[in-house]
Amino acid sequence: MPVITYREALRAAMSEEIERDPNVLLMGEEVAQFNGAYKISEGMLAKYGPKRIVDTPISEAGFIGMGVGAAMLGLRPVMELMFFSFYSVAFDQIFNNAANIRYMSGGLINCPIVIRGPANGGTNVGATHSHTPESIAAYHPGIKVVVPSNAYDAKGLMKSAIRDNDPVMFMENTILYGESMEVPDGEYLVPLGKANVLREGTDLSIIGHGRAIQMALKAADLLKEKHNINAEVVDLRSIRPLDEETILNSVKKTNRALYVEESKPFCSVGAMVACIISDKAFDYLDAPVKRLTSIDAPAIYSPPLEKLQLPTVERIYQAALETLK
């Protein structure tokens, strides 16, 4: 099985879907002639031409709106945001129009659009380019939200997202683009709404999404090495739809839960998961559900300080020990 990067996995997924379905196209700033701001679409313009790989002006409100309209008329556009922070410029197009059109048309009009790009801090680009808006997107009925933590899931989830008939917000992480792992050649799908238990355990459930999962796995190794604590690590993969069954089964087994994410704490995904656990698995808990998030402030520009603002292996490790007291 070949070893490829997260970046190459996304490119493979989009390329396979473009070849499979003539209605699929990629649009965004610099996706064509420049090969993508993060080189996700490298070589795709030469291979598929300017009708399938389309450069847009620097106007998210304009090109996201165009993509929403194209999706309503039967195309399956994949729209790249250079930074997910700029989704807010197209808030009306995404959350007022794309999210609601199937419901308001009585199911007659679908909007199969994927809006993708990096949604993370840790790259020292300042507060206006470092948002993690998973919970904001997931708040809106009609929107699906996907946050892959590795290359294998990135490919399988992207293919599923492109084939889905609802709008999908596909949130990536710049720091993960160069991370490699074994990824099968050719066709496979990872279903939306299905979490994955990456590490079996009995003493504590560490649940999360995105790059925080990579930190959680390392923290789980430390817990085992230093204290013989067996932590289970559950990667949500999809925020909405949310796999409540896998979350609850894990907590009922371990009796303790720690949620880890790069988002800010107020109204976060972890807050929702903690509510679900407390509501549906309260009698199984031996301790309150604990959350570990980014420190509640705009993204810090200073590289050493921003590293401390985000979840780190040490912070997760210490939070896990506190949960086990």
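Residues numbered from 1 in each chain as written. Predicted model: local features only at pLDDT ≥ 70, side-chain atom pairs only at ≥ 80, totals over all residues. Heavy atoms only, no water.

Section: empty space enclosed by the protein
Okay, step 1: With the rule as written, the count across this model stands at 2 cavities of 30 Å³ or more.
Okay, step 2: In this structure, the largest cavity spans a volume of roughly 80 Å³.
Okay, step 3: Together, 15 residues line the largest cavity, and A119, V147, N173, G210 and R211 are the ones closest to its centre.
Okay, step 4: The class makeup of the residues in the lining of the largest cavity is 6 nonpolar, 5 polar and 4 charged.
Okay, step 5: Shared between two domains, the lining of the largest cavity takes at least three residues from each, and those domains are domain 1 (3–182) and domain 2 (196–324).
Okay, step 6: Quantified by volume, the second largest cavity comes out at close to 60 Å³.
Okay, step 7: Along its surface, the second largest cavity is lined by N120, G121, S130, T132, E262, K264, S294, A299, E306, Q309 and L310.
Okay, step 8: Tallied by class, the residues present in the lining of the second largest cavity amount to 2 nonpolar, 6 polar and 3 charged.
Okay, step 9: When residues of the lining of the second largest cavity are sorted by domain, at least three fall in each of domain 1 (3–182) and domain 2 (196–324). (1 Å grid on protein atoms, 1.4 Å probe; cavity = no way out; pocket = protein on both sides within 12 Å on 5 of 7 lines; lining within 4 Å. Points joined across faces, edges and corners; volume = space filled by probe spheres on them. Nonpolar A, V, L, I, M, F, W, Y, C, P; charged D, E, K, R; others polar. Domains from an automatic or database assignment.)

Considering the sheet that holds strand β7 (residues 168–172)
Okay, step 1: Judged by pairing direction, the sheet is mixed, and its 7 strands sit side by side in the order β3-β2-β4-β5-β7-β6-β12 without closing on themselves. Looking at the sheet topology across the chains shown, the edges are occupied by β3 (53–55) and β12 (238–240). On average, each strand axis in the sheet is tilted by 20° relative to the strand beside it, whichever way the strands run.
Okay, step 2: With 5 bridges connecting them, strand β2 (residues 24–28) and strand β4 (residues 76–80) associate as parallel partners. (Pairing = 2+ DSSP bridges. Helix = DSSP H or I, 4+ residues; strand = E, 2+ residues; numbered from the N terminus. Axes fitted to C-alpha atoms, helices over the stretch in contact; angles between N-to-C directions.)

Let's talk about the side chain of D164
Okay, step 1: Relative to the elements of secondary structure, D164 occurs in the loop between α7 (151–163) and β7.
Okay, step 2: Residues in contact with D164, not counting those within four places in the same chain, are R76, P112, K144 and L192. (Contact = heavy atoms within 4.5 Å.)

Overview of the environment of R52
Okay, step 1: Mapped onto the secondary structure, R52 falls in the loop between α2 (44–48) and β3.
Okay, step 2: Accessibility expressed as a relative area gives 18% for R52, which makes it buried.
Okay, step 3: For the pair formed by R52 and E225, sequence separation is 173 residues and the distance between their alpha carbons is 50 Å.
Okay, step 4: With near-sequence residues (within four places) excluded, R52 lies in contact with I18, D21, P22, N23, V24, L25 and L26. (Buried < 20%, exposed > 50% of the residue type's maximum accessible area, 1.4 Å probe, protein only.)

As for the environment of M215
Okay, step 1: Topologically, M215 is positioned in helix α8 (residues 212–227).
Okay, step 2: A relative accessible area of 11% places M215 in the buried class.
Okay, step 3: Look past the residues within four positions of M215 in its chain and what remains in contact with it is P311, V313 and I316.

With respect to the domain arrangement of the protein
Okay, step 1: Taken domain by domain, the protein consists of domain 1 (3–182) and domain 2 (196–324).
Okay, step 2: If you average the C-alpha positions of domain 1 and of domain 2, the two centres end up 26 Å apart.
Okay, step 3: In this assembly, 29 residues from domain 1 lie in contact with 24 residues from domain 2.
Okay, step 4: Between domain 1 and domain 2 the total buried area reaches about 2,000 Å² when both faces are included, carbon and sulfur atoms providing 52% of it.
Okay, step 5: On the domain 1 side of the contact with domain 2, N124, V147 and S149 bury the most area, a combined 25% of that side's loss.
Okay, step 6: Seen at the junction of domain 1 and domain 2, the total is 1 salt bridge.
Okay, step 7: Among the salt bridges present, the one from R237 reaches D153, with a minimum N-O distance of 3.0 Å.
Okay, step 8: Our count for the domain 1 to domain 2 interface comes out at 12 residue pairs in polar contact (both at pLDDT 80 or more).
Okay, step 9: At the level of elements, α6 (134–138), β6 (144–146) and α7 are the ones that each hand at least two residues to the side of domain 1 that touches domain 2.
Okay, step 10: Here the residues of the side of domain 1 that touches domain 2 are counted per class, giving 13 nonpolar, 13 polar and 3 charged. (Buried area = accessible area lost by both parts, 1.4 Å probe. Salt bridge = Lys/Arg side-chain N within 4 Å of Asp/Glu carboxyl O. Polar contact = N/O pair within 3.5 Å; in protein donor to acceptor, adjacent residues only side chain to side chain.)

Details of unusual backbone geometry
Okay, step 1: With an omega of 5°, the peptide bond between R240 and P241 qualifies as cis.
Okay, step 2: With respect to the helices and strands, the residue P241 is situated in the loop between β12 and α9 (244–254).
Okay, step 3: A positive phi angle, close to 70°, is found at N35, a residue other than glycine.
Okay, step 4: By the element assignment, N35 lies in the loop between β2 and α2.
Okay, step 5: For R237, which is not glycine, the phi torsion reads 65° and is therefore positive.
Okay, step 6: Mapping R237 onto the fold places it in the loop between β11 (231–235) and β12.

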